[in-house]
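Observations on chain architecture
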Amino acid sequence: MDTKMAKARVKPMMLSVDQAADVVLDCLRTRATVVSRPRRMAALARTAGVLLNVRARR
């Protein structure tokens, strides 16, 4: 979320306060158990998890 403490010049995964509020409201409306935003980060985390599992099996 965009706050005063977020001081980096480049913020590709940043959500505005309004966007974050919309995500929370949608989550409450749909009763979703897990919500990941932004979706690019969710995809990256999922891929990293799969790669770690593959590496652990070797």
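Look above for the structure.
Below, the structure is looked at part by part.

A word on the overall build of the protein. For the protein, the count of helices and strands is two helices and zero strands. Each of the 58 residues in the protein was classed as buried or not, and the buried ones make up 9%.

Bringing helix α1 (residues 17-30) into the picture now. Between its first and last C-alpha atoms α1 spans 20 Å; for 14 residues at 1.5 Å apiece the expected length is 20 Å, and the two agree. Of the residues flanking the end of α1, it is R31, one or two places downstream, whose phi is positive at about 55°.

This next bit is on the pattern of salt bridges. Enumeration over the complete set of coordinates arrives at one salt bridge. Measuring nitrogen to oxygen at the nearest pair gives 2.7 Å for the salt bridge that ties D26 to R29. Of this pair, D26 and R29 both sit in helix α1, separated by three residues, roughly a single helical turn. The exposure class assigned to R29 is exposed, which follows from its relative accessible area of 61%.

Basis of the calculations
Per chain, residues are indexed from 1 in the order of the written sequence. It should be noted that, the model being predicted, local features are given only for residues of pLDDT at least 70 and side-chain atom pairs only at 80 or more, the latter also being counted only at that level, while totals for whole chains, interfaces and linings use all residues. In computing side-chain values, all of the structure's heavy atoms are included and hydrogens and water are not. Labels follow the DSSP assignment, with helices taken as runs of H or I lasting at least four residues and strands as runs of E lasting at least two, numbered in each case from the N terminus. For each residue, the accessible area found with a 1.4 Å probe, counting protein chains only, is set against the maximum for its type, and the residue is called buried under 20%, exposed over 50%, and partly exposed in between. For a helix, the expected span equals 1.5 Å multiplied by the residue count minus one. We count a salt bridge whenever a side-chain nitrogen from Lys or Arg sits within 4 Å of a carboxyl oxygen from Asp or Glu.

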